Structure formats: C-alpha cells, structure tokens
Amino acid sequence: MLEIKNLHVKLEDEDKQILKGLDLKVEAGKVHAIMGPNGSGKSTLSYVLSGRDGYEVTEGSATLDGEDLLELDPEERAALGVFLAFQYPVEIPGVGNMTFLRTAVNSQRKARGEEEMSAAEFLKMVRAKAKELKIDADMLKRPVNVGFSGGEKKRNEILQMAMLEPKMCILDETDSGLDVDAMKLVADGVNALRDEGRGFLVITHYQRLLDHIKPDVVHILANGRIVKTGGPELALEVENNGYAGILAEVA
Amino acid sequence: MALADVKQTATEARLAALTLPEGGCLETARHAALSRVQTMGLPGRRDEYWKYTRPDTLTAAEVSKATVFATDEEPMFNEFDRLRVVFVDGVFDPEASDDLSLEGVTIDRIADICGKDIHWAKDLYGVLEARGQNPVERPLAALNTAFAQDGVAIHVTGKPSKPINLVYVHSDEMSDAILHHVIRVESGAEVTILENGPAASRFNKCMEIDVADTGKLHLVRAQGRDHERRAATHMFARLGTESVFKSFTLTVNGVLTRNEAVIELLGDDAIAHIAGACVGDGDFHHDDTVFITHDAVNCESRQVFKKVLRNGATGVFQGKILVKEGAQKTDGYQISQSLLLDDDSQFLAKPELEIYADDVICSHGSTTGAIDEEALFYLRSRGVPTGEATDLLTLAFLAEAVDEVEDPEIAASIVARLEGWLSRRR
Ligand SMILES: Nc1ncnc2c1ncn2[C@@H]1O[C@H](COP(=O)(O)OP(=O)(O)O)[C@@H](O)[C@H]1O
Ligand SMILES: [Mg+2]
C-alpha cells in the first residue's frame, strides 16, 4: 500500500537535512508503529506524506498503491486516501465542526467522481460516529478545535478519520496528552477502522497506545532513518530500556 | 491659490450645480444646512478626517459615469416577504413600490410631510445631522440636508409584520442622487429596515434616526454591486433609554464608498451595534467612519468591521468611542480587521477612544492579516481544494460581523451572497 524508498527530506528555507534515506513499506490490513526519540523526524515524515509546505524532498519516493504521492497537492492525496491525524490539530475560528466535516467528506467524494453525501445521510453517520467517540452535539457545533481540550482535539481527529474512511491512516502522537479513558476511546476508534483494505502508520513516543492498538510491525526512527524493525516486542524493549540501548546497538 | 480659496472655489462650484428646493416647511432647515456647508466648505484632500479617502469625486460638480451592473441573479432580499419602497436614480417610484400601508408603521415621502403636517418629521429633519457636525464636521451630510431631492419619513408605532425594504435602483449611468430619510421608532415599537442597491452613479444618502425609549431598530443594508458607483452615506442616530439600534452593512464592489455612522446613546441602558462586512477586488475603496458617543449610564456599544481586500483594494476604518463625563458603566467594544488576500491591498485604520468617566469597560483592536496557512493546510489535508478552503476561511473571518445581523435568515442570505462573490473569483 504505502511504499517509501530512500526518502531524503530537508527544510526548504534552511540547510537542514531531517530525513536521511528512509525506507518503509506498509501493507494493506497492517498496523505499523514508528517510535523514536524527540526530533528524530517522525512528524516531518507525516507532513511530507500529507503534503505540507516547507519541506523539500531531495531524493527518494513515496507512493500509495503505486501513485506518486509527492507530486500531488494535499487535497489530491486526501482524495486518494491519505489521512493524517495531526500531532497538534489546528483551530479554525469561525468554521463550524459540522461544516468542516461535511465539506471535507463531499470534497473527497467529488474529487473521486462519487456522488455527494446527502445532508440526512451525513447527519446520521456523524451522529453515530461521534457517539462512539463520546463527542457531544455541542462539540460538533463549535468552531473546529476552538476551545477543545487536548483530548477533545484528538478525539475530533479520529472522528474525521472515521468519517473520511481513508485507505492510509497516519497517526502522529495521537496518544500524547490523553488520559487513560481518552486513550481507550481513541484506540477503540482506530481499531473499529481496522480493515483488510486499510493501512495504519501509528507514530508514538510511548508503548502505552500500542497496548490498545496492537501493531504488526514496529520501527525505530532515529536521526532521519529507520534503524531497527521488529515485532511488538520491540516496543516493549523501548518501554523498558529507552532508546539508548537500541541506538548504541545499531550505531 | 491659498488652500482655503481652493476649498471655497470647489464648494461654490458644487453648490452652483445644485438647486435648493424652495418653499415648504423644510425651507428653514434646508437654508440652515446650506449655510453650514458654506461655512465648513466641502471636504478637501488636506482635511484630517479625509486623510485616507480622497473626497474629490464625491464633492465634484460633475458626476463620474458609472455603468449599470447587469446580472441575472435574484435581487437582494427577494426571498423575504417585505414592503418595497423603490427609488430609481434617487427618485421615488410609486409604480415599482408596494402599497405603503402597513400596520404599525406610516411611510411618507419627504415632499409630503409639510402638506400632511407630520410634526415629528419636520422636527427631526436636519436636526440630528446638525448635532452630528460637532466635534467633527461632516459637510456632505449638510449638503444632503440642504439639497435632498427625495426620501421618506418612516414612523414606527408598532411592530410591523414584515421588514421595510428601501430599494435603490441605478438605471442612468450619469445619475447623481441625494436622498434624505427620517425615521422615528416610538417607545415599544420595533422594525427591521432593509436597504439595497447602488441608487445612482453617485449617491449621497443621509438617514436621521430617532429611537425613543425601549424602541428597537434593525437596519440591514447591502450596497449595490456596480463597480464604478460612488457613495457617501451618513446615518445619525439618537437612542433613548433601553432602546436598541443594530446596523449591518454589506458592501461588495464599488469604486468608492464612505459610510459614516454617528450614534449618540442618550438614555440609560441603550444598546447600539454598528457592523459591516466588505469584500473588494481591484478598484475598490471602502471607508467606514464611525463616531459613537456615550452620554448615559450603562449603555453598550459594539463596532465590528471586517474587510476582505484583494488585487489592490483599499479599506479604511476610522472609529471613535467618546465616553462623556457621567456615562458610567459604559461597555464599549470596537474591532476592525482586514484580511488581505495579496500584497497589493491595504488597510488603514484609526481607532480612537476618548473617555471622561472612570467606571467603564472599553476595548478596541485593529488587525491586518493574511489567510492562516496552518488552517489552510489542515483543510486541504482533509481533501478541501485550495479555493474552497480559502473561501471557507474568508467567510469565517467575516462571520463575527455577519453575526451582528439579528435575524438568522437574513444573515444566511448575506452569507450566501458573500459565498457567491468569493466563488466567482476563485
Ligand atoms: N518547519 C521546521 N522548521 C524548523 N525546524 C524543523 C521544522 N520541522 C522540523 N524541524 C526540525 O526537524 C527535526 C525533526 O522534527 P520532527 O519531525 O518534528 O521530529 P519528531 O516528530 O520526531 O519529534 C527537529 O530537529 C525539528 O526541530
Ligand atoms: Mg512530532
């Protein structure tokens, strides 16, 4: 599904290389986790995959089902099925959460040549999904993420993911700032979407989230490269011994 | 030639091109207004109050041509049941207007108030305008009082079942219209007045508004879309105890617009909200000049002005809150913001507070900004194309001003117009 080859990324405005030859392959139906120390380039990877400005790919490729992602605008990637749950979801004053969700869903449908979702159909779906994530009517009415707590913002990201039903879900530290209950809600939301046709890339700092979202593969990202790949036991190793041991071992 | 002479010559040239309606019960008021104009002189480029807006085309003896905007779109406010009072190039058109009788309100032409002996209107005509000349001169308003060709007196004594819609049709590309309306809202009465249309190639409009204790007036106007039209408008409002006056103005297009609002809160617990949203593209200059005086206890005033500017458009805001001695518990709020969609556009703002009471809350802010790139990326990452995402953020920017429109259906109608304007420019 998602295939990244020898990806080199630098900042556009600065002579700073962040990703330095990253290789990664996420198969449909699988959950891959990426762990790594702060500043290792995890968010950069997620932004480059979703098309944010400010980064320059100097080498390598990233494709989704064979389509070159790096050539596409963010909205085109989204329509193809790329979804990023932001580490820091953005507040948009003046745009209602519902309007935002409906515009997003229908924009993607339009881009794919599908029929737009009717108002009734949309409302029914959003209510059901919101309920599962314990998102109340008030949160749906309020402007996007404005005045939301950290946990509410993250749940709102998962709601968007549930509504958009993307092929490739990238979650950037969705667990940070969540208490145990909220973490459970988020994990349940993700697990509900697990499907043979869908791939997940779960970026996290801690093993905690991975107790709830069981990964198939765990990668360690350090200094812009995947330095070690293993099974779920790798996450436990990080939890117990930190990154120092692993980094020393691969150095 | 000395500056004063230049001004006098220009004023004389303009006055010579006009005819003062003679006779009738307003003659004294008109003559007094004329002498005010002669004393003040028409605005010139060097006047401090006209620092950001060039008045020459508004004061010139000759009107500049303005092509009549052709559109297949439904007229503004067409979806609402309303009483239409139609003016074509500044002249009342009884054929195009609805029957003016409606329970709770009496509407008469200014030309008829003498014959019908309508005291309140005679007593109001030119009075608030004259009061409003202090401490800042507004010569174009005095010119209006002196020379107004037409206009209506609206007396609101109850709660009319539908809004009154003043429709200003522009049909002659060289038209030069001067309209003067007087409005009195009696105690306990409430009305919505809608205004729309460009009115003329050059439009000078003055509205004097007297809201008695507990009266309520909602004013929503949409200035016409003709690109080359010019307008100088004034509203002078006097508010009694516990009265409410809310005004919202939508401006799309127009080469030059100067909208002045002069509001006096004279009774305790009165509320005045003055808001505006404008969107301009290219040859567009829009000036909101507001002066709010708090002269009673526990009054609230809000000024909310938002401007979206692109392709070299200019926005101006001059807003003042004056809190007089003894006007304790005043709650004054003023915000003026612009969203510049490119580097060629500009926003000039002069917010002012002058406070002579100690127990007041007054806040003001003015900002100029561009589209929030973070928000734009967030929307695009969810699949919303750049154009639509930009429009969504632009409408969000304007929302605080549009929210000042009390009636949600009218507000929705305004948002729809803004959406249309934005999407045509994607
Ligand atoms: N837009 C940016 N401007 C400046 N530095 C950046 C920017 N984006 C990322 N970086 C730097 O790149 C490195 C990797 O950052 P990031 O991808 O956020 O790491 P992680 O998510 O793994 O903590 C850090 O040193 C960070 O400071
Ligand atoms: Mg990060």
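The structure we're discussing is the one just above.
Just so you know, these numbers come straight off a predicted model, no measurement behind them. (Residues numbered from 1 in each chain as written. Chains lettered and ligands numbered in written order. Predicted model: local features only at pLDDT ≥ 70, side-chain atom pairs only at ≥ 80, totals over all residues. Heavy atoms only, no water.)

Colleague: Could you give an account of the overall build of chain A, with specific residues and numbers?
Modeller: Broken down by element type, chain A carries 9 helices and 12 strands. Sorting the 251 residues of chain A into buried and exposed places 54% on the buried side. Within chain A, counting contacts between residues at least 6 apart in sequence, those at least 24 apart form 69% of the total. Of the roughly 11000 Å² of accessible surface on chain A, a fraction of 47% belongs to carbon and sulfur atoms. The positive charge centre, built from 31 side chains, and the negative charge centre, built from 42, are 5 Å apart in chain A. (Helix = DSSP H or I, 4+ residues; strand = E, 2+ residues; numbered from the N terminus. Buried < 20%, exposed > 50% of the residue type's maximum accessible area, 1.4 Å probe, protein only. Contact = heavy atoms within 4.5 Å. Areas by Shrake-Rupley, 256 points an atom, 1.4 Å probe, with all protein chains shown as cover. Lys, Arg positive; Asp, Glu negative; His and termini not counted. Charge placed at Lys NZ, Arg CZ, Asp CG, Glu CD.)

Colleague: I'd love a proper account of the pairing of strand β14 (residues 285-294) of chain B, names of residues and values included.
Modeller: All names here are of chain B. Along β14, 10 of the 10 residues are buried, which leaves the element largely enclosed by surrounding structure. What you see with β14 is no split at all: His285, Asp287, Thr289, Phe291 and Thr293 on one side and His286, Asp288, Val290, Ile292 and His294 on the other are buried throughout. Direction of pairing for β14 relative to strand β16 (residues 314-323): parallel, over a ladder of 10 bridges. Bridge assignment links aspartate 287 to a residue of β16, and that residue is valine 316. (Pairing = 2+ DSSP bridges.)

Colleague: An account of the packing of helix α2 (residues 27-40) of chain B against helix α6 (residues 139-147) of chain B is requested, with residue identities and associated values reported.
Modeller: Residue and element names in this part refer to chain B. At a closest axis distance of 7 Å, the pairing of α2 and α6 adopts a crossing angle of 150°. Classed by the angle they form, the pair α2 and α6 counts as roughly antiparallel. Considering how the two elements wind past one another, α2 and α6 form a crossing that is left-handed. Taking contact as the criterion, the partners of Ala29, Arg30, Ala33, Leu34, Arg36, Val37 and Met40 in α2 are, on α6, Pro139, Ala142, Leu143, Thr145, Ala146 and Phe147. Residue composition of the contact of α2 with α6, by class: 10 nonpolar, 1 polar and 2 charged. (Axes fitted to C-alpha atoms, helices over the stretch in contact; angles between N-to-C directions. Parallel < 35°, antiparallel > 145°, perpendicular 65-115°, else oblique. Left-handed = near helix turned anticlockwise from the far one by under 90°. Nonpolar A, V, L, I, M, F, W, Y, C, P; charged D, E, K, R; others polar.)

Colleague: Could you give an account of the environment of histidine 219 of chain A, naming the residues involved and the relevant values?
Modeller: Among the structural elements, histidine 219 of chain A can be located in strand β11 (residues 217-222). For the pair histidine 219 of chain A and isoleucine 34 of chain A, spaced 185 residues apart in sequence, the C-alpha to C-alpha distance is 4.8 Å.

Colleague: Describe the site of ligand 1, and please don't skip the residues or the numbers.
Modeller: All names here are of chain A. Within the structure, ligand 1 sits among Leu11, Lys16, Ile18, Pro37, Asn38, Gly39, Ser40, Gly41, Lys42, Ser43, Thr44 and Tyr55. Contact between ligand 1 and lysine 16: an oxygen atom at 3.1 Å from a side-chain N or O atom of the residue. Within the contact set of ligand 1, an oxygen atom lies 2.8 Å away from a backbone nitrogen or oxygen of glycine 39. Contact with the protein chains hides 63% of the accessible area of ligand 1, taken as 560 Å² for the molecule alone. Among the elements that make up the shell around ligand 1, the one with the highest residue count is helix α1 (residues 42-50) (3 residues). (Near = heavy atom within 4 Å. Polar contact = N/O pair within 3.5 Å; in protein donor to acceptor, adjacent residues only side chain to side chain.)

Colleague: Pulling in residues and values, what's your account of the interface of chain B and chain A?
Modeller: Counting residues at the interface gives 16 residues for chain B and 31 residues for chain A. The junction of chain B with chain A conceals about 1900 Å² of combined surface from both sides, 63% of it contributed by carbon and sulfur atoms. The largest per-residue losses of area from chain B upon contact with chain A belong to Phe377, Tyr378 and Arg382 of chain B, which jointly make up 42% of the total buried on that side. At the junction of chain B and chain A, the tally comes to 5 salt bridges. Across the salt bridge formed by aspartate 73 of chain A and arginine 380 of chain B, the nearest N and O atoms sit 3.8 Å from each other. Applying the counting rule to chain B against chain A returns 10 residue pairs in polar contact (both at pLDDT 80 or more). Counting residues per element, the ones that place at least two in the side of chain B that touches chain A are α7 (373-381) and α8 (386-402) of chain B. Top element by residues in the side of chain B that touches chain A is α7 of chain B. It accounts for 7 residues. Across the side of chain B that touches chain A, the residue classes break down as 9 nonpolar, 3 polar and 4 charged. (Buried area = accessible area lost by both parts, 1.4 Å probe. Salt bridge = Lys/Arg side-chain N within 4 Å of Asp/Glu carboxyl O.)

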